[in-house]
Amino acid sequence: MTRTRLFRSRSSEEKEEEEQQQHYSKHNITTSTGMRVIVPLQGVVQGRGGLFLGSVIPCALFYFFQLYLKRHRSEPKSPPPQPPPENSGGQLAEVSVSVLPRSLSRVHLTPRSPGGPAYVSGRANSIVKGGDSPHDVGLRKALEDPYHQSGNPDGVIQLGLAENKLSLDLVGEWLAKNAIFGEELSIGGIASYQPFDGLMELKVAVAGFMSQVMKKSVFFNPSQIILTAGANPAIEMLSFCLADTGNAFLVPTPYYPCSDRDVKWRTGVEIIPVPCRSADNFRLSITALDRAFNQAKKRGTKVRGIIISNPSNPVGSLLDRETLYSLLDFAREKNIHIVSNELFAGSTHGNEEFVSMAEIIDLEDLDRNRVHIVYGLSKDLSLPGFRVGIIYSFNDNVLAAAKKLTRFSSISVLSQRLLVFMLSDSNFIQQFIEINRERLRRMYIKFVAGLKQLGIECIKSHGGFYCWADMRGYIPSYSEKGELELWDKLLNIAKVNVTPGSCCHCIEPGWFRFCFTTLTEKDIPVVMDRIRKITETCKSHS
Amino acid sequence: MAIEIEQPSVGLSKVAVSETHGEDSPYFAGWKAYDENPYDELTNPSGVIQMGLAENQVSFDLLEAFLETHSEASSWGKGASGFRENALFQDYHGLLSFRKAMASFMEQIRGGRAKFDPERVVLTAGATAANELLTFILADPGDALLVPTPYYPGFDRDLRWRTGVKIVPIHCDSSNNFQITPQALEAAYSEAEAMNIKVRGVLITNPSNPLGATIQRSVLEEIFDFVTRKNIHLVSDEIYSGSVFSSSEFISIAEILEARQNKNSERVHIVYSLSKDLGLPGFRVGTIYSYNDEVVTTARRMSSFTLISSQTQHLLASMLSNKEFTENYIKTNRERLRKRYNMIIEGLRSAGIECLKGNAGLFCWMNLSPLLEKPTREGELALWNSMLHEVKLNISPGSSCHCSEPGWFRVCFANMSEQTLEVALKRIHNFMEKRERDRNLKVI
């Protein structure tokens, strides 16, 4: 592998970088010939070493893979079969599937007649008819017309996607350097069926990573880990396991927009929002939880659990020990579950300590059965494309059920093997975590300062890729409509995609989530400039 | 397990505690026995030989060879921050290059007799997910899909568990080689109606698992006419389409549709995967190809729960868009499977065992009904038990595939080396000889 070749014809490569393949648009630019692995894809390419990494990394991946195969070419042995069943009876389980009550109304798109199109389920219809939320529209626009410093300076700047590009170079470098691996496996080890809930080696590696990321405050047991293709299926699986159709989860607002889909869509489970207010800095109040629980009870809705995110998405705040203990007390009192989504645990940048739900569980107590943690590698390791989500539970029955469900959303063994190696390099991981945190902190400080100069205040946040900004002074009317009008201006005039609070079910209009991790420091003035254009014309007269 | 507690322990959902996951059937129990005592040529020659897992290991070397010779060529991608995109890419549309490669691969398998549009390819993490997803989309809880028996045991779980949808069997039997008849289709539909269950579609597997045979053109036409008449969907699971021993013998539903200028096609959805044909089940690659725009849109969004790792998509896009490789692979794979099939059929025949005439797949459908003590399910399970614990072969009993006639077994032959297959055949031979001897002794 000769690196000198990479720097050939730079200018033509730069040009091509701009011809980025659109995800949603009709005119797909295809550049692949039969041999090429890497296809120029649309994306917000910042140009920082992108070229170099873009050529070296895929090369490294391939070098890695073919070297791996070369070293371990031996007789493929039969893979381990499915996880063994609970009871090895000689009988087929006689099962009657209970008819679950429909929670979605059926809507026929066209009248049913012979020759007319066949029926599509209520679940499908609700999606097709639902149309696109601002969250989706914004993402799409940003993808269709992405900002690029030199190539597309008027494009849409993406501040609506909680993705961390700040430290990708570190991961890339690691891949370029490391083609070392020590497992004794043949292609059978990558190609064959493996346990759907993930390789044990990866579970061990992930347990170690989780511990490192949380500053070694907790020890995670690999056998309590279920791996799945991303955090979305992890949440959906827990929803399936902990609640029946028609049951509900209490979720403090504002919450991450996609939770609606993950928790409710196919499961038929409800979300009962528990409002948090700006007066409390959007902190969770047990009183509000209690009120929501009782209201649900009166309505005849069975509440099965609480879903929290810590660090919070979209606010970015951390739950302190006291609140976590209170939550546990509350859950114990009502005999319900707690799902703690700790996806951004490693992306803290403030001075407050992050406390995982795992840390405060009293291991001797019954409480273990009600606590489940969701984690993933998309945020803390910047690898959403690899699709790695984690359910960490103390409840054996939940683990057993979730394990069986992983067959529907299992991680590619190829990616698992690669990750085992990466995660096992603890020096690299330690370095990565530290540098990433530092970069996050810098960006956060600069970005928030920039907003402050415009007169926009944010809730003090200690984690996550975003800040929760108070734009109440700029909305034409103190309502969701007013908020969406501002959002629209920001998207279509200022060409900045941000997430409006209404998408996050915030009860107070005027709050917006700004993600800053897809930017470089150079972009900040550009962003602020654009926002200023809107804020200057939008000061509400009150 | 759980410790004894006084307070009621916090509850789980019906889905979590239901047994619809089906993992308590012999189909899976046999795997447990294998797991505890797996055969190994050198270290455990008397262990259980796994013949219950439909996995294709006969063509690994072709995959390896490709990857070794194409690593350099594929890495000098012009422009692009490949790794950056790779690492961050999580768009449920999937990589266009990969979708194109899949569409082209599917066309090649069908000898170019059908065209596939990459825009209709929806990616999922395996065909298991694809089947479940389609069920979520096409039916509501309490509705039913009609599925011809015998069928893949996993359907009980994949189609029913979380979806709450029922399966109503279309009964097929050996009198006509288990082919689907219009009468059987009507009977199943009526059965559902009588139980007040709405039928939403028919799901066929072509080539069939466990029969190991393709569905004939006339039968496909009949099935398509049936679903059109009833205004329901047709899901055609064609995951073994590349494992047909002779290319000309496989007719895809796609061909039927093209012959009719795609009239009424919006009710048809094809499921495919690389787990069987390409022997890459670990990669978790499945697809839904739907002729219905709405289904494509919804399936795409729902695939958020089951995305394929971008790294895997990249790798496979390169492999599958290389026509030279795919042509050679498909051809060679077919030949090797045919050879294996012939080997096992001959071996079984010389032991006095007949199989259904097959022409596809990674398994054969073996008839052991003459050996049954009683022609019942219990008799079949008793025989299955003997095979597992005495002969040390894990094969799948027909009852776990809901076969209406006892005595049939699915035997996989592609997940082992030729030597191991010979060992297995020898054991069967010895078993049959012993039975013959025992019978003769009884007579005397």
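Residues numbered from 1 in each chain as written. Chains lettered and ligands numbered in written order. Predicted model: local features only at pLDDT ≥ 70, side-chain atom pairs only at ≥ 80, totals over all residues. Heavy atoms only, no water.

A separate point is the overall build of chain A. Looking only at helices and strands, chain A has 17 helices and 13 strands in total. The buried share of chain A, taken over its 542 residues, is 62%. Summarising the internal contacts of chain A: among those between residues at least 6 apart in sequence, 75% fall at separations of at least 24. Of the roughly 20800 Å² of accessible surface on chain A, 50% is carried by carbon and sulfur atoms. (Helix = DSSP H or I, 4+ residues; strand = E, 2+ residues; numbered from the N terminus. Buried < 20%, exposed > 50% of the residue type's maximum accessible area, 1.4 Å probe, protein only. Contact = heavy atoms within 4.5 Å. Areas by Shrake-Rupley, 256 points an atom, 1.4 Å probe, with all protein chains shown as cover.)

Below, the discussion takes up the overall build of chain B. Secondary structure assignment for chain B yields 15 helices and 13 strands. For 444 residues, the compact-globule formula gives about 22 Å, and the C-alpha radius of gyration of chain B, at 23 Å, lands near that figure. Evaluated residue by residue, chain B yields a buried proportion of 69% over its 444 residues. For chain B, the share of sequence-separated contacts (at least 6 apart) that also reach a separation of at least 24 residues comes to 76%. (Rg over C-alpha atoms; globule rule 2.2 N^0.38 Å.)

So, about unusual backbone geometry. For the bond from Thr149 of chain B to Pro150 of chain B, the omega torsion is -10°, close enough to zero to count as cis. For Pro150 of chain B, the location among the structural elements is in the loop between β3 (144-148) and α7 (154-158). For the bond from Asn206 of chain B to Pro207 of chain B, the omega torsion is 5°, close enough to zero to count as cis. Relative to the helices and strands, Pro207 of chain B resides in the loop between β5 (199-205) and α9 (217-230). Phi is positive for Asn335 of chain A, close to 55°, though the residue is something other than glycine. Within the element layout of this structure, Asn335 of chain A appears in the loop between α11 (321-334) and β6 (337-341). Relative accessible area serves as the criterion here: at 28%, Asn335 of chain A is assigned to the partly exposed category. Not every positive phi belongs to a glycine, and Asn262 of chain B is a case in point at roughly 60°.

Mapping Asn333 of chain B onto the fold places it in helix α13 (residues 323-350). Separated by 3.4 Å, the side chain of Asn333 of chain B and the backbone oxygen of Asp277 of chain B make a polar contact. (Polar contact = N/O pair within 3.5 Å; in protein donor to acceptor, adjacent residues only side chain to side chain.)

Here the focus is the packing of aromatic side chains. All names here are of chain A. Here the structure, examined in full by the defined rule, presents 27 aromatic pairs over all chains. Consider the rings of Phe293 and Phe330, whose centres lie 6.2 Å apart with planes at 85°: the pair is edge-to-face. Highlighted residues: Phe293 in helix α10 (residues 286-299) and Phe330 in helix α11, separated in sequence by 37 residues. Each member of the pair, Phe293 together with Phe330, is buried. (Phe/Tyr/Trp six-rings, centres within 6.5 Å; stacked < 30°, edge-to-face > 60°.)

Caution applies to low-pLDDT parts of the model: their predicted coordinates are not meant to be read in detail. Mean pLDDT over chain A works out to 77, with 71% of the residues at or above the 70 mark. The model gives residues 1-55 of chain A a pLDDT under 50, and that stretch makes 134 contacts with residues more than four places away or in other chains. (pLDDT = per-residue confidence, 0-100.)

On to the packing of helix α7 (residues 200-213) of chain A against helix α14 (residues 413-424) of chain A. Residues and elements named next belong to chain A. Interhelical geometry of α7 versus α14 gives an angle of 40° and a closest axis separation of 9 Å. Compared by their axis directions, α7 and α14 come out oblique. By crossing handedness, the relation of α7 to α14 is classed as left-handed. Side by side, α7 and α14 meet where Glu201, Leu202, Ala205, Val206 and Phe209 of the first sit next to Gln416, Arg417, Leu419, Val420 and Leu423 of the second. Grouping the amino acids of the contact of α7 with α14 by side-chain chemistry returns 7 nonpolar, 1 polar and 2 charged. (Axes fitted to C-alpha atoms, helices over the stretch in contact; angles between N-to-C directions. Parallel < 35°, antiparallel > 145°, perpendicular 65-115°, else oblique. Left-handed = near helix turned anticlockwise from the far one by under 90°. Nonpolar A, V, L, I, M, F, W, Y, C, P; charged D, E, K, R; others polar.)

What follows covers the sheet that holds strand β4 (residues 270-275) of chain A. All names here are of chain A. Within the open sheet, the 7 strands sit side by side as β2-β8-β7-β6-β5-β3-β4. Their pairing is mixed. The sheet is open, and its two borders are formed by β2 (225-228) and β4, each paired with just one other strand. Mean inter-strand twist for the sheet, computed between neighbouring axes without regard to direction, equals 25°. Here β2 runs beside strand β8 (residues 389-393); their pairing, made up of 4 bridges, is antiparallel. Considered in β8, the bridge of Ile225 is made with Tyr392. Across the face of the sheet, helix α8 (residues 231-242) comes into contact with β2, β3 (248-253), β5 (303-309), β6, β7 (371-376) and β8 while running at roughly 160° to β7. Of the strands in this sheet, β3, β5, β6 and β7 touch α11, which is tilted by about 170° from β5. (Pairing = 2+ DSSP bridges.)

Looking now at the environment of Glu36 of chain B. Locating Glu36 of chain B in the fold gives a position in helix α2 (residues 26-36). Spatially, the C-alpha atoms of Glu36 of chain B and Gly47 of chain B are 9.0 Å apart, while their sequence positions differ by 11 residues.

Moving on to the pairing of strand β2 (residues 121-124) of chain B. Residues and elements named next belong to chain B. Of the two faces of β2, the one carrying Val121 and Leu123 and the one carrying Val122 and Thr124 are both buried. Bridge analysis of β2 against strand β8 (residues 286-290) gives 4 bridges, and the strand direction is antiparallel. In the sheet register, Leu123 faces β8, and the bridge partner there is Thr287.

This part takes up α14 of chain A. Residues and elements named next belong to chain A. Over its 12 residues, α14 runs 16 Å from end to end, which matches the ideal 16 Å to within 8%, given 1.5 Å per residue. In terms of residue burial, α14 counts as a mostly covered element, since 11 of its 12 residues are buried. Of all the positions in α14, only Val413, Leu414, Ser415, Gln416, Arg417, Leu418, Leu419, Val420, Phe421, Met422 and Leu423 are classed as buried. (Expected span 1.5 Å × (residues − 1).)

Applying the stated criterion to the full structure yields 40 salt bridges over all chains. Here Lys481 of chain A ties to Glu485 of chain A by a salt bridge, and the two come within 3.2 Å at their closest N and O atoms. Here Glu485 of chain A and Lys481 of chain A lie together in helix α16 (residues 480-492), a separation of 4 residues that amounts to about one turn. With a relative accessible area of 32%, Glu485 of chain A lands in the partly exposed category. One salt bridge in this structure joins Glu186 of chain B and Arg229 of chain B, with 3.2 Å as the shortest N-O distance. Remark: Arg229 of chain B occurs in helix α9 and Glu186 of chain B occurs in helix α8 (residues 182-194); sequence separation between them is 43 residues. Arg229 of chain B gets classed as exposed once you look at its relative accessible area, which sits at 53%. It is possible to trace a salt-bridge network through shared partners that takes in Glu236 and Arg266 of chain A together with Glu132 and Arg162 of chain B. (Salt bridge = Lys/Arg side-chain N within 4 Å of Asp/Glu carboxyl O.)

Phe447, Leu451 and Phe514 of chain A together with Met51 and Ile344 of chain B are the most contacted members of the largest nonpolar core, which has 147 residues in total. Among the elements that take part in this core, α8 of chain A stands out by supplying 8 residues, more than any other. Apart from residues no more than four positions distant in its own chain, Phe447 of chain A is found in contact with Leu159, Cys467, Phe514, Phe516, Leu519, Ile524, Val527 and Met528 of chain A. With 74 residues, the next largest nonpolar core counts Ala114, Ile180, Ile223 and Ile308 of chain B among its residues. (Core = buried A, V, L, I, M, F, W, Y, C linked by side-chain atoms within 4.5 Å.)

Residue and element names in this part refer to chain A. Judged by how many residues are buried, β5 sits mostly within the fold: 6 of 7 residues are covered. Relative to β5, β3 runs parallel, the two being bridged by 3 bridges. Among the inter-strand pairings, Ala248 is bridged to a residue of β5, identified as Val303. Across 5 bridges, β5 lies against β6 in parallel orientation. Counted as the bridge partner of Ile308 is Ser340 from β6. What joins β5 to β6 is α11, and the crossover it makes is right-handed. (Right-handed = clockwise from strand over helix to strand, strands pointing away.)

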